[in-house]
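Residue-level structure breakdown
Next come the chains, spelled out residue by residue.
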Amino acid sequence: MDLNRNEVIKAGKAINSAEKILLISHKSPDGDTIGSNLALYDYLLSLGKEVTPVCTDLIPEPFYFLEHVKAYQNEFTSNDYELVIIVDCGAHYMTNFHETQPELFDKSRPVINIDHHPSNDGFGTINIIQTNACSTTRIIYEMFKILKWSINRNIATALLTGIFTDTGSFMHSNTKSSTLRTAGDLLSKGADLRSIRKYLFKTTPLSTLQLWGRVLKNIHINENGVTMTVLNQNDFEETKADYSELTGVIDYVNSVPNSDFSVMLTERDGTVKGSLRTLKNDIDVAEIANEFGGGGHKKAAGFTVPGRLEKEIRWRVVEG
Ligand SMILES: [Mn+2]
């Protein structure tokens, strides 16, 4: 991996000279943003820093096995901090603090932006962006090596969590030999793979299964060869499932053979969110998401537009 060493060294210096550090995860947090945040949190604590991990949304229960997860706050005063580290946020608004605390982004204090999304425009004062990295935790692993920071068991588990979730447990095309080598090294450093497997991949609440049932029931292939499925607000209310429980189901939607790409539309409080996936190399779903003001990766992207879903029933006459 070709990390910009200068930026990493600059980040190391900024961290050394700051006492109070804010660590920000993206909204609707996933294993990568949480793992990135808590790996840094563990190390910075060991340096005697005062660190606060923050996220605008609650951390989903499956991640409670991670050490320090209870340290997460959703409110803070940005002026209390000398340094801000933002992890796995493809854009500054993914923090969801851009409107409530715009001073975070006015470059009045150092902001280290660590990310692997192609949409990242380098909103930090120090930017460590590697779009071919499978996860942000993979970038942070590399930072630890460059800066000669030691990786303990908690850090290894947090970093492996990000790799595991962002590669879909090594099933997505972003899994390379270096991914597996990194995972192997983290295991040798004591990463708790058993808990990652158990809590993130083998535990499914009833509400999640019922929600997934609706996602799967609504699948159809449209006239353009696109696999589609929809969920409206009622589906969430009736199953008592939360939006975060959708994580993972799109891989089933996307497994229909010969489909060009798949789209899952979900209605959420006056907006419609589209999630796009493809298994094809010649299709770039980030481009499609872009047309709706979204973005993401070539094979996994998304967008959000204001509105709601309306059912349309079409009839046509066929020869009998
Ligand atoms: Mn990520």
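Note that this is a predicted model, so its numbers are computed, not measured. (Residues numbered from 1 in each chain as written. Predicted model: local features only at pLDDT ≥ 70, side-chain atom pairs only at ≥ 80, totals over all residues. Heavy atoms only, no water.)

1. As for the sheet that holds strand 3 (residues 83-87)
An order of 2-1-3-4-5 is seen for the 5 strands of this open sheet, with the pairing classed as parallel. On the outer flanks of this sheet lie strand 2 (50-54) and strand 5 (126-129), each paired with one strand and no other. Neighbour to neighbour, the strand axes of the sheet diverge by 15° on average, direction disregarded. Where strand 4 (residues 111-115) and strand 5 come together, 4 bridges link them in parallel fashion. Within strand 5, the residue paired with aspartate 115 across the bridge is isoleucine 129. Lying on the sheet, helix 1 (residues 5-17) is in contact with strand 1 (20-24), strand 3, strand 4 and strand 5; it crosses strand 5 at an angle near 130°. (Pairing = 2+ DSSP bridges. Helix = DSSP H or I, 4+ residues; strand = E, 2+ residues; numbered from the N terminus. Axes fitted to C-alpha atoms, helices over the stretch in contact; angles between N-to-C directions. Contact = heavy atoms within 4.5 Å.)

2. Re the environment of asparagine 96
Within the secondary structure, asparagine 96 sits in the loop between strand 3 and strand 4. Judged by relative accessible area, which is 34%, asparagine 96 ranks as partly exposed. Put simply, asparagine 96 and threonine 56 are 40 residues apart on the chain and 6.4 Å apart in space, counted from C-alpha to C-alpha. Ignoring anything within four residues of it in the chain, the contact list for asparagine 96 reads Lys27 and Thr56. (Buried < 20%, exposed > 50% of the residue type's maximum accessible area, 1.4 Å probe, protein only.)

3. Let's talk about empty space enclosed by the protein
One pass over the structure, following the stated rule, counts 1 cavity of 30 Å³ or more. In this model, the largest cavity occupies a volume close to 40 Å³. Lining the largest cavity, in full, are Leu38, Asp42, Leu66, Glu67, His68, Asn154, Ile155 and Ala158. At the level of elements, helix 2 (31-46) and helix 4 (153-166) are the ones that each hand at least two residues to the lining of the largest cavity. Sorting elements by how many residues they give to the lining of the largest cavity places helix 4 first, with 3 residues. Its residues assigned to classes, the lining of the largest cavity shows 4 nonpolar, 2 polar and 2 charged. (1 Å grid on protein atoms, 1.4 Å probe; cavity = no way out; pocket = protein on both sides within 12 Å on 5 of 7 lines; lining within 4 Å. Points joined across faces, edges and corners; volume = space filled by probe spheres on them. Nonpolar A, V, L, I, M, F, W, Y, C, P; charged D, E, K, R; others polar.)

4. Here we look at the side chain of threonine 56
Counting through the fold element by element, threonine 56 comes out in the loop between strand 2 and strand 3. Of note is the side chain of threonine 56, whose polar atom sits 3.3 Å from the side chain of asparagine 96. (Polar contact = N/O pair within 3.5 Å; in protein donor to acceptor, adjacent residues only side chain to side chain.)

5. Some thoughts on the domain arrangement of the chain
We note that the domain assignment places domain 1 (5-200) and domain 2 (206-306) within the chain. Domain 1 and domain 2 are separated by 26 Å when their C-alpha centres are compared. With 5 residues of domain 1 at the contact, the number on the domain 2 side is 4 residues. Across the interface of domain 1 and domain 2, roughly 440 Å² is buried in total on both sides, 52% from carbon and sulfur atoms. Interface area lost by domain 1 to domain 2 is led by Pro118, His172 and Ser173, which between them contribute 50%. For the pair domain 1 and domain 2, the number of links is 0 salt bridges. (Domains from an automatic or database assignment. Buried area = accessible area lost by both parts, 1.4 Å probe. Salt bridge = Lys/Arg side-chain N within 4 Å of Asp/Glu carboxyl O.)

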